[in-house]
Amino acid sequence: MSILLQTAPAGQLVAAALIGITVLVLLITRYKLHPFLSLIIGSLTVGAIAGLTLKGMTTSFTAGVGSTVAGVGVLIALGAIIGRLLADSGGADQIVDTIVGKASPAQIPWAMALVGALIGLPMFFEIGLVLLIPVIILVTRRTQLPLMRVGIPALAGLSAMHALVPPHPGPLAAVGLLKAELGVTLGLGVLIAIPTIAVAGPLFSKFAARWVPVGAPELFISANGDEDGHSGIAPRQPSFAITLATVLLPVVLMMGKALVDIFLKAGTPLRDSLDFIGEPLIALLLTTLVALFTLGFNSGMTRQQVSDTVGASLPPIAGILLIVGAGGGFKQVLVDTGIGTMLANWISQSSVSPLLMAWLVAVMIRLATGSATVATITTAGILAPVAASMTPTHSALLVLAVGAGSVFFSHVNDAGFWLVKEYFGLSVAENLKTWSLMETVLSVTALIGVLLVSLVV
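Residues numbered from 1 in each chain as written. Predicted model: local features only at pLDDT ≥ 70, side-chain atom pairs only at ≥ 80, totals over all residues. Heavy atoms only, no water.

A. Representation of the environment of leucine 447 within the structure. With respect to the secondary-structure elements, leucine 447 resides in helix H20 (residues 428–454). Separated by 88 residues in sequence, leucine 447 and tryptophan 359 have C-alpha atoms that sit 7.3 Å apart. Once residues lying within four places of it in the same chain are set aside, the contact partners of leucine 447 are Leu355, Leu356, Trp359 and Ala404. (Helix = DSSP H or I, 4+ residues; strand = E, 2+ residues; numbered from the N terminus. Contact = heavy atoms within 4.5 Å.)

B. How the structure looks around helix H12 (residues 280–296). End to end, H12 covers 22 Å across 17 residues, agreeing with the expected 24 Å (1.5 Å per residue, within 8%). Within H12, the axis deviates most sharply at valine 290, by approximately 30 degrees. For H12, every residue scored as buried is listed here: Pro280, Ile282, Ala283, Leu284, Thr287, Thr288, Ala291, Leu292, Thr294, Leu295 and Gly296. Those residues of H12 hidden inside the fold are in contact with helix H3 (54–89), helix H6 (125–143), helix H10 (240–263), helix H11 (269–277) and helix H13 (303–313). (Expected span 1.5 Å × (residues − 1). Bend = angle between axes of the 7 residues up to and from the residue. Buried < 20%, exposed > 50% of the residue type's maximum accessible area, 1.4 Å probe, protein only.)

C. Geometry of unusual backbone geometry. In this structure, lysine 179 takes a positive phi of about 55 degrees despite not being glycine. Relative to the helices and strands, lysine 179 resides in the loop between helix H8 (169–177) and helix H9 (182–211). Taking relative accessible area as the criterion, lysine 179 reaches 70% and is therefore assigned exposed. One non-glycine residue, phenylalanine 409, lies in positive phi territory at about 40 degrees. Structurally, phenylalanine 409 can be placed in the loop between helix H18 (392–405) and helix H19 (415–424).

D. The arrangement of the packing of helix H16 (residues 354–369) against H18 in detail. Relative to each other, H16 and H18 sit at 30 degrees, their axes nearing to 7 Å. Looking at the two axes, H16 sits roughly parallel to H18. Crossing geometry of H16 relative to H18 is assigned as right-handed. Here H16 contributes Pro354, Leu355, Ala358, Trp359, Ala362, Val363 and Arg366 to the contact with H18, which in turn contributes His394, Leu397, Leu398, Ala401, Val402, Ala404 and Gly405. Residues of the contact of H16 with H18, tallied by class, amount to 11 nonpolar, two polar and one charged. (Axes fitted to C-alpha atoms, helices over the stretch in contact; angles between N-to-C directions. Parallel < 35°, antiparallel > 145°, perpendicular 65-115°, else oblique. Left-handed = near helix turned anticlockwise from the far one by under 90°. Nonpolar A, V, L, I, M, F, W, Y, C, P; charged D, E, K, R; others polar.)

The structure is reproduced here in structure tokens:
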């Protein structure tokens, strides 16, 4: 939420954003300064040029760090615990064996895209990512495929669901603001998401793997040092059914929350209960507690081994949490300068078609602020008067055009950029050539899908 919105001249705001991002990139790539420190310096640069006061800069940055760590940091930590339990119990190995055993090497990218889409359907991108990372890395090790051939399809599945399909918070908010019908939006979103995932995932991953030919990073190696993750430290592996049920538990809990919010009246005991356990924090906490038993004790691990596994899961993500938090601070400074609102107003005053206008406004806000949700909600608010005269179907397409624009070219002001970079062990340049371009391909492909559907409905 913006707390210090400025009204500086447009040229000053644009200069602040461009110079701040340039300083950030140069500090990391040329001077090899750690991203955490670089993000702090970049944030202060943006605030200073945009005219924020010294107190305003620090308040804005710390507010962004706090909200990001509170919203994402705890979820990453809980996801890391589940991921380590999957590795040490051999549960991830069970999932990997099933995927590898039933799919040829050529089919693995398609299988991972499907897994990413299913996990991503009701979940925030960050939660789905931390749950999928152990599977992505172990599949990469086992099949000896390039990391990008496995990881990019899974990320495409997650990101497409986040952008196009309710009940994600962005699309769901846009549905309300643009007065679109939820069922129509959901159906058209899935229809457009399928070819979008295929293009941005398995197909694009061929190029990404060629441009950045890296293998699996040294994450989620089981405690016995087995680089393939076989068996972990547990005397026996949990069954595939138990493992899958544990991994899907937060999916079911969050989907339940989404459904009761749609079909049950507010204030009923059942809705209140499911709303509580379906909150991402509670859903992952419950899953973590369940995993201690289903993946830990059920696999023959002792209490000390389970405790050691939980303890070992947290130190590797400390750097990730700091970088993601600082990325949230950088984003908040950009939001509070008012550049996103300024760019949106520029485009909305033009004579572009509504669907293309929606995409362009969302793209500009996404590039300026780094937040897909902020881009979606802000754009939907700006275009609400336009949607008032549209049919339900075209209102739904307007929601999807906004969602498509909201994921365009993730870069250094996006917390997700740093999350992917650190988990995959990539440089900034490598992440731009893979993750950032994948998001761009996904955004443009989804827009093309929206425009094509608009011609026949």
